[in-house]
Structure formats: C-alpha cells, structure tokens
Amino acid sequence: MTINYNDYYGTALNINVTDGSYRYRAIKGEHTLTLYYSLDVHAEVPVGATCTFQGETYTLIDAVNLKKHHNRSFEYTLIMHSQQYKLGKYKL
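All values derive from a computational prediction rather than experimental measurement.

Reading guide: rules and limits
Residues numbered from 1 in each chain as written. Predicted model: local features only at pLDDT ≥ 70, side-chain atom pairs only at ≥ 80, totals over all residues. Heavy atoms only, no water. Helix = DSSP H or I, 4+ residues; strand = E, 2+ residues; numbered from the N terminus. Buried < 20%, exposed > 50% of the residue type's maximum accessible area, 1.4 Å probe, protein only. Contact = heavy atoms within 4.5 Å. Areas by Shrake-Rupley, 256 points an atom, 1.4 Å probe, with all protein chains shown as cover. Lys, Arg positive; Asp, Glu negative; His and termini not counted. Charge placed at Lys NZ, Arg CZ, Asp CG, Glu CD. Core = buried A, V, L, I, M, F, W, Y, C linked by side-chain atoms within 4.5 Å. Polar contact = N/O pair within 3.5 Å; in protein donor to acceptor, adjacent residues only side chain to side chain.

### A short note on the overall build of the chain
Alright, step 1. Looking only at helices and strands, the chain has one helix and eight strands in total.
Alright, step 2. Starting at the N terminus and ending at the C terminus, the chain contains elements arranged as β-β-β-β-β-β-β-β-α.
Alright, step 3. When each of the 92 residues of the chain is scored for burial, the buried share is 25%.
Alright, step 4. Of the contacts formed within the chain by residues at least 6 apart in sequence, a portion of 50% connects residues at least 24 apart.
Alright, step 5. Split by element, the accessible area of the chain, about 6,700 Å² in all, is 50% carbon and sulfur.
Alright, step 6. Measuring between centres, the 9 positive side-chain charges of the chain sit 8 Å from its 8 negative side-chain charges.

### Some points on the nonpolar core
Alright, step 1. Counting 17 residues, the largest nonpolar core has Ile3, Leu13, Tyr37, Val45, Leu78 and Met80 as the members making the most contacts within it.
Alright, step 2. A per-element tally of this core places strand E8 (residues 73–81) first, with four residues.
Alright, step 3. Every residue in contact with valine 45, bar those within four places of it in the chain, is listed here: Ile3, Leu13, Tyr37, Leu60, Val64 and Leu78.

### What to know about the side chain of histidine 31
Alright, step 1. Here histidine 31 shows up in strand E4 (residues 31–39).
Alright, step 2. A polar contact of 3.4 Å, which involves the side chain of histidine 31, links it to the backbone oxygen of alanine 26.
Alright, step 3. Not counting the four nearest positions on each side in its chain, histidine 31 is found in contact with Tyr24, Arg25, Ala26, Glu56, Tyr58, Met80, His81, Ser82 and Gln84.

Here is the structure:
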C-alpha cells in the first residue's frame, strides 16, 4: 500500500499493512480506511496524506496513533477518511 503526502520532495511511503487492517463503509454513514502496520524506523506521516484503495481516495484527517515498543519497533494506526467526511462539515 502506498501513502502519498506533499513535502518538498513529493514523498510516498510504501508500507506492508497487517491482516487486521480494514475498510468500513456504511450507508449514509462514515467511510473509513483503518491501517495497522509496524516499522523498524520512525516515519512521520503528516495530516493530509492520501491513499487510494479500490478506486477511492482516503485522506488522513487526525494525527497518527503511534506506539513505541523499543528503539527499533514502532506500531502505527492510521484512520483515513473518504471525501464524504469533508462534506459533512457543510449544510445546504
């Protein structure tokens, strides 16, 4: 899975997600992509990072949940939201 984010270099982070990762979609509800993965180095994923999964683009809205077990063992939890989340702020 590739997570893209904009910085001076147009960085992309390639990760191998665990089997516990999932996508949640509900009718008239939220559409989220929850990714669980671990790395042996710290990799900062900024708010606003995007990921495309099965033709739908998901955006990281909140900060990454990080657990440090050791100097070379980091577990990450990313909850990414679809474009519908942004539309929920507005009323017509």
